[in-house]
Amino acid sequence: KKYDLYADVIFVNGLLSFFLKRASTISELERAVKINPSYIDANVLLMIMYAQEGLLSEFADTRKNIVQKVGEEIKQHYFELGLKAYEKRQFGYGIFYFLAAEYLGMNVSICRYNAAAMSSLARQYDLTKQYAEYVISKDPSFRSIMERDKDFKGFFSSLFAEWF
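Predicted, not measured: the structure shown is a model, and the values here were computed from it.

Caption draft 1: Focus on the side chain of Ser109. Along the polypeptide, Ser109 turns up in helix α7 (residues 108-121). Ser109 sits in the buried class, given a relative accessible area of 15%. Discounting residues that sit within four places of it in the chain, Ser109 has contacts with Val135, Lys138 and Phe142.

Following this line, the structure appears as structure tokens:
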């Protein structure tokens, strides 16, 4: 039990580091997963970070491990957690949950669109721009949808939108 609490502390630090874009997070999360291999959120965050750092072998192995432990329906679970985070206005968690759903196999455009909306609501417009550009590169029709979506109002009135 004491080690699970320690793994929780490492996970929370890892989540904060993820949002602050600190590279040291991967080694910290690997430590949390070693302490408690069944800590799904830590495994999922580690999977996302592997993908974003281009560590594709580690990403694939971690994703396979997660799906073996809990099943393919985990992607739907994280997507639903993202929707609940939206309802609760917990934008940071929402971004994490939508990215988790994406990397676990949900529709990329839908997940990134929702992550872009959450980052816009959190006023993290650099992330909004990054996620929105990705979605629009896959399906240009999303641009007009975003322009009408009230969740993007802050983004479109920011300086970031000038380069978008």
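That shown, we press on.
Caption draft 2: Layout of unusual backbone geometry. A positive phi angle, close to 65°, is found at Arg89, a residue other than glycine. Taking the relative accessible area as the measure of exposure, Arg89 reaches 49% and is therefore partly exposed. Positioned with a positive phi, Arg123 is a non-glycine residue whose angle comes to about 60°. By secondary structure assignment, the location of Arg123 is in the loop between α7 and α8 (125-138). On the accessibility criterion, Arg123 (66% relative accessible area) is exposed.

Caption draft 3: How the structure looks around the packing of helix α2 (residues 25-35) against helix α3 (residues 40-52). It is at 9 Å that the axes of α2 and α3 come closest, and there the two elements cross at 150°. Looking at the two axes, α2 sits roughly antiparallel to α3. Like other packed secondary-structure pairs, α2 and α3 cross with a definite hand, here left-handed. When α2 is examined against α3, the residues Thr25, Ile26, Leu29, Glu30, Ala32 and Val33 are found in contact with a partner set consisting of Ala42, Asn43, Leu45, Leu46, Met49 and Tyr50. Residue classes in the contact of α2 with α3 are distributed as nine nonpolar, two polar and one charged.

Caption draft 4: Summary view of the pattern of salt bridges. For the coordinates displayed, the defined rule picks out six salt bridges. Glu147 is paired through a salt bridge with Arg143; the nearest N and O atoms lie 3.1 Å apart. Residue Glu147 and its partner Arg143 are located together in helix α9 (residues 142-148), separated by four residues, close to a single helical turn. Overall, the relative accessible area of 29% leaves Arg143 in the partly exposed class. By sharing partners, the salt bridges in this structure join Arg63, Glu72 and Lys75 into a single network.

Conventions adopted
Residues numbered from 1 in each chain as written. Predicted model: local features only at pLDDT ≥ 70, side-chain atom pairs only at ≥ 80, totals over all residues. Heavy atoms only, no water. Helix = DSSP H or I, 4+ residues; strand = E, 2+ residues; numbered from the N terminus. Buried < 20%, exposed > 50% of the residue type's maximum accessible area, 1.4 Å probe, protein only. Contact = heavy atoms within 4.5 Å. Axes fitted to C-alpha atoms, helices over the stretch in contact; angles between N-to-C directions. Parallel < 35°, antiparallel > 145°, perpendicular 65-115°, else oblique. Left-handed = near helix turned anticlockwise from the far one by under 90°. Nonpolar A, V, L, I, M, F, W, Y, C, P; charged D, E, K, R; others polar. Salt bridge = Lys/Arg side-chain N within 4 Å of Asp/Glu carboxyl O.

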